[in-house]
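# Descriptive structure summary
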Amino acid sequence: MTITADREATSQEDVPRKPPAKKKARRDSQLKAAILFLIPASIGFVVFFAWPAIRGLYLSFTDYNLLRPSTFIGFDNYVAISTDPVFWNSLKVTLEYVVMNVGVQTAAALGLAVLMQRFTRSMVVRGVIMLPYLIANVIVALVWFWLCDYNLGIINAALDFFGIDKVGFFGNENVAMGTIAMVNVWRHLGYTALLLFAGLQAIPKDVYEAAEVDGAGEWRVFRSVTLPLLRPVLAFVLVVTVVGSFQIFDTIAVTTGGGPVDATRAINYYIYQRAFERLDFGYASALAVILMIILAAIALLQNKLLRANESDLER
Amino acid sequence: MTIIAFKAGRAARQASREDDPSLAKSKVAKFFGRLALVIVILITLFPIYWMFRTAFSNNRAMFAEPLSLLPVDFTWGPLKRVLGLATTEEALAEGGSGASINFAQYMLNSIAACTLITVFQVTFSSMAAYAFALLNWKGRDKVFSIFLIALMVPGIFTLLPNFILVKDLGLLNSILGIALPTMFMTPFAIFFLRQFFLGINRSIIEAAVIDGANQWRIFRTIVVPLAWPQIITLAILQFIQYWNDYLWPFLVGQSEQSKLLTVGLGIFKSQTPQGNPDWAGLMAGALIAAVPIFILMLVFGRKIVGSIQSSGVK
């Protein structure tokens, strides 16, 4: 600090016109440096994000199938999608999944976050509840596929032991999507709870003191203090999980493969099948564009929600 | 010294715990609250335990005792056969399929791919984050926001054209093909590091400029060492993410020399006979794929948990 001040003082006395020139020179050199620093990342961005995005949009207007050159066919893919029953079904089952997954997960994670905030500061507890999130989707899916196996899985064996009818968790078309939703609740519960817990930690401690002085019970504290102050964080978490669970793929791919019948053919899995099982890259790209539009709409909704809740917090 | 510091820290934590009004005081509430936490922890750990229990069971003997809480007829057989160490006869005797499967090779492939991605991505992303956080140039924030838009694009949208690109480059069935799209940067990595670089005291950097250091030198000798804990945290997070990734490596890496663990697991499952699946072998494969993550969690648990709490909600 002192050195800088000294320098400025001397230079101002000796050569009054030099400093601005020097400053400009430095800014120019920083632009040059910035370009050099950004070269590798920019290559990655242009080649593997920007260009594929443009190409994907273009492909959605073609009949490209990986084997022969593509022809431009205008909106034909989109028109075909609008009357594609498999697409509409995939949208329906994806929505079912999102509602079950996000609904249960958010409620349970909120409960768990409050439990942690009120009853423990243990890092070990945090580490343990986060563990499932660090395990690959594929592994989690296979472990639950085994736990839920109709013939030998521990859950059905236990049901059988207590004289309850066995359940085809992955094999029954009315149950399969619910099972997949719960498997992913298990994987994401701790992670979501930690995000909410971070939000809870940001709530000023003295409001709890005040609540205690007023003699408020646990439920009352939750309803009147914790929940209103947490709402902005909750809105954020909700949107992140909705956008994430819309893209469900791995669990379906290694367990049901879209079945039984069409019960678990979620949108992302349908895109994959069109592209890589039927080589309909054009059609699949159009489906991906539609998925992106849906997700962008959700993100916009997020902005509105967050803004509405900021004022809520300030009050 | 450390013991004293540890004790002091513990005492301080104890004191702050008693002062913390957000912790419940009532004994009844404490009892039920902790009971609920114990139940959650049991539900969290049971499937993981079951993976261990099954991986050390004899697949043939397991059919008779599905409810046994301990490994049935404890054996290293399943691990041996998925690592390619058991003969076909040994595998068949314990209820394996006898098909050759080599998770040791997939493990090496996974380590190679994830290390390649992580090292390059974190290096290049930290350089970019430096340009976005600590250099002054026109249009900086605009360029940064363009980079951030990529965060919004769903993976499957860029995955299709990227597959065509990697195929055209002749890189299908290679580790490089798996790594290429994420080796240069991800918007998340740049965003994550930029947050920390913004917090670096600029007067240190200005002093170095006056001393005649060039930007590369400042980056290498000042910024990187200062942000080293965050850079390591990011590297761990990204390593885990690519370790767990499935769809992209499944599409690009189908050969024995490029198959990653998750892909090998998926194929193992799909090839398993419908009538009497090799559950023990499948869980042994899952265990092999999961153990490196457990080790990372044991060593870096605090960093990993902390990163979610500091960067998740902003």
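Quick caveat, the model's predicted, so the values are computed rather than measured. (Residues numbered from 1 in each chain as written. Chains lettered and ligands numbered in written order. Predicted model: local features only at pLDDT ≥ 70, side-chain atom pairs only at ≥ 80, totals over all residues. Heavy atoms only, no water.)

### Topic: the overall build of chain A
The secondary structure content of chain A amounts to 13 helices and 0 strands. Secondary structure elements of chain A, listed N to C terminal, follow the sequence α-α-α-α-α-α-α-α-α-α-α-α-α. Considering chain A as a whole, with its 315 residues, one finds that 52% of them fall into the buried category. Taken as a whole, chain A presents about 15100 Å² of accessible surface, with 64% of it coming from carbon and sulfur. (Helix = DSSP H or I, 4+ residues; strand = E, 2+ residues; numbered from the N terminus. Buried < 20%, exposed > 50% of the residue type's maximum accessible area, 1.4 Å probe, protein only. Areas by Shrake-Rupley, 256 points an atom, 1.4 Å probe, with all protein chains shown as cover.)

### Observations concerning the UniProt feature "transmembrane region" (unreviewed entry) in chain B
All names here are of chain B. Per the UniProt record, the feature "transmembrane region" (unreviewed entry) sits at residues 31-52, 110-132, 144-165, 171-193, 222-243 and 279-300. What you have in residues 31-52 is 100% helix and 0% strand, and the ends, taken at the C-alpha atoms, are 31 Å apart. Secondary structure within residues 144-165 divides into 77% helix and 0% strand; the distance between the first and last C-alpha atoms comes to 25 Å. (UniProt positions renumbered as here; feature names shortened; annotations may be inferred.)

### Quick look at the interface of chain A and chain B
In this assembly, 96 residues from chain A lie in contact with 95 residues from chain B. At the surface where chain A touches chain B, the tally comes to 1 salt bridge. Residue Asp168(B) pairs with Arg55(A) through a salt bridge whose shortest N-O separation is 4.0 Å. Run the count over chain A and chain B and you get 8 residue pairs in polar contact (both at pLDDT 80 or more). Looking at the side of chain A that touches chain B, the element that brings in the most residues is helix H2 (residues 18-59) of chain A, giving 24 residues. Grouping the constituent residues of the side of chain A that touches chain B by class yields 70 nonpolar, 12 polar and 14 charged. (Contact = heavy atoms within 4.5 Å. Salt bridge = Lys/Arg side-chain N within 4 Å of Asp/Glu carboxyl O. Polar contact = N/O pair within 3.5 Å; in protein donor to acceptor, adjacent residues only side chain to side chain. Nonpolar A, V, L, I, M, F, W, Y, C, P; charged D, E, K, R; others polar.)

### What about a nonpolar patch on the surface?
All names here are of chain A. On the surface, Leu31, Ile35, Leu36, Ile39, Ile43, Val46, Val47, Trp51 and Ile54 cluster together to form a nonpolar patch covering roughly 800 Å² of accessible area. Residue placement: isoleucine 43 occurs in helix H2. Judged by its relative accessible area of 40%, isoleucine 43 is partly exposed. (Patch = residues over 30% accessible without salt bridge, like charges linked within 9 Å, V, L, I, M, F, W, Y side chains within 5 Å.)

### Focus on the packing of aromatic side chains
With the rule as written, the count across this model stands at 47 aromatic pairs over all chains. Aromatic side chains Phe37(A) and Tyr130(B) sit 4.9 Å apart centroid to centroid with 50 degrees between the ring planes, which places their arrangement in the tilted category. Note that Phe37(A) is positioned in helix H2 and Tyr130(B) in helix H6 (residues 103-133), a pairing that runs across two chains. Tyr130(B) carries the same exposure label as Phe37(A), and that label is buried. Relative to Trp279(B), the ring of Phe145(A) has its centre 6.2 Å away and its plane inclined at 50 degrees; by these criteria the two rings are tilted. Taken together, the positions of Phe145(A) in helix H6 (residues 137-147) and Trp279(B) in helix H16 (residues 279-311) put the pair across two chains. This pair shows no difference in class: Phe145(A) is buried, exactly as Trp279(B) is. By the ring-pair criterion, three or more aromatic residues cluster together here, those being Tyr64(A), Phe249(A), Tyr269(A), Tyr272(A), Phe276(A), Phe281(A), Phe163(B), Tyr246(B) and Phe250(B). Sitting over the face of the ring of Tyr150(A), Lys166(A) holds its NZ or CZ atom 5.5 Å from the ring centroid. Geometry around Tyr283(A) places Arg274(A) over its ring, the cationic atom sitting 3.9 Å from the centre. (Phe/Tyr/Trp six-rings, centres within 6.5 Å; stacked < 30°, edge-to-face > 60°. Lys NZ or Arg CZ within 6 Å of the ring centre and 35° of its normal.)

### Focus on the packing of helix H4 (residues 85-119) of chain A against helix H8 (residues 176-201) of chain A
Residues and elements named next belong to chain A. Two elements in contact, H4 and H8, have axes whose closest approach is 6 Å; the angle formed by their N-to-C orientations is 40 degrees. Taken as axis vectors, H4 and H8 run oblique relative to one another. Helix-helix and strand crossings are classified by hand; for H4 and H8 the assignment is right-handed. A per-class count over the contact of H4 with H8 returns 22 nonpolar, 9 polar and no charged. (Axes fitted to C-alpha atoms, helices over the stretch in contact; angles between N-to-C directions. Parallel < 35°, antiparallel > 145°, perpendicular 65-115°, else oblique. Left-handed = near helix turned anticlockwise from the far one by under 90°.)

### Things to note about the side chain of Ser60(A)
All names here are of chain A. Along the chain, the position of serine 60 falls in the loop between H2 and helix H3 (76-82). In this structure serine 60 comes out as buried when scored by relative accessible area, which is 0%. A polar contact of 2.6 Å, which involves the side chain of serine 60, links it to the backbone oxygen of leucine 57. Among the polar contacts listed, one links the side chain of serine 60 to the side chain of tyrosine 78, at a separation of 2.8 Å. With residues near it in sequence (within four places) discarded, serine 60 still touches Gly74, Asn77, Tyr78, Gly282, Ser285, Ala286 and Val289.

### Section: a positive patch on the surface
Residue and element names in this part refer to chain B. On the surface, Lys25, Lys27, Lys30 and Arg34 cluster together into a patch of positive charge. Within the secondary structure, lysine 25 sits in the loop between helix H1 (2-19) and helix H2 (27-55). Classification of lysine 25 by relative accessible area gives partly exposed; the value is 42%. (Lys, Arg positive; Asp, Glu negative; His and termini not counted. Charge placed at Lys NZ, Arg CZ, Asp CG, Glu CD.)

### Here we look at the nonpolar core
Grouped together as the largest cluster of nonpolar side chains are 202 residues, with contacts concentrated most on Ile139(A), Met51(B) and Phe197(B). For this core, the element with the highest residue contribution is H16(B), accounting for 16 residues. Each residue touching Ile139(A), except ones within four places of it in the same chain, is listed here: Met51(B), Leu265(B), Ala286(B), Ala289(B) and Ala290(B). (Core = buried A, V, L, I, M, F, W, Y, C linked by side-chain atoms within 4.5 Å.)

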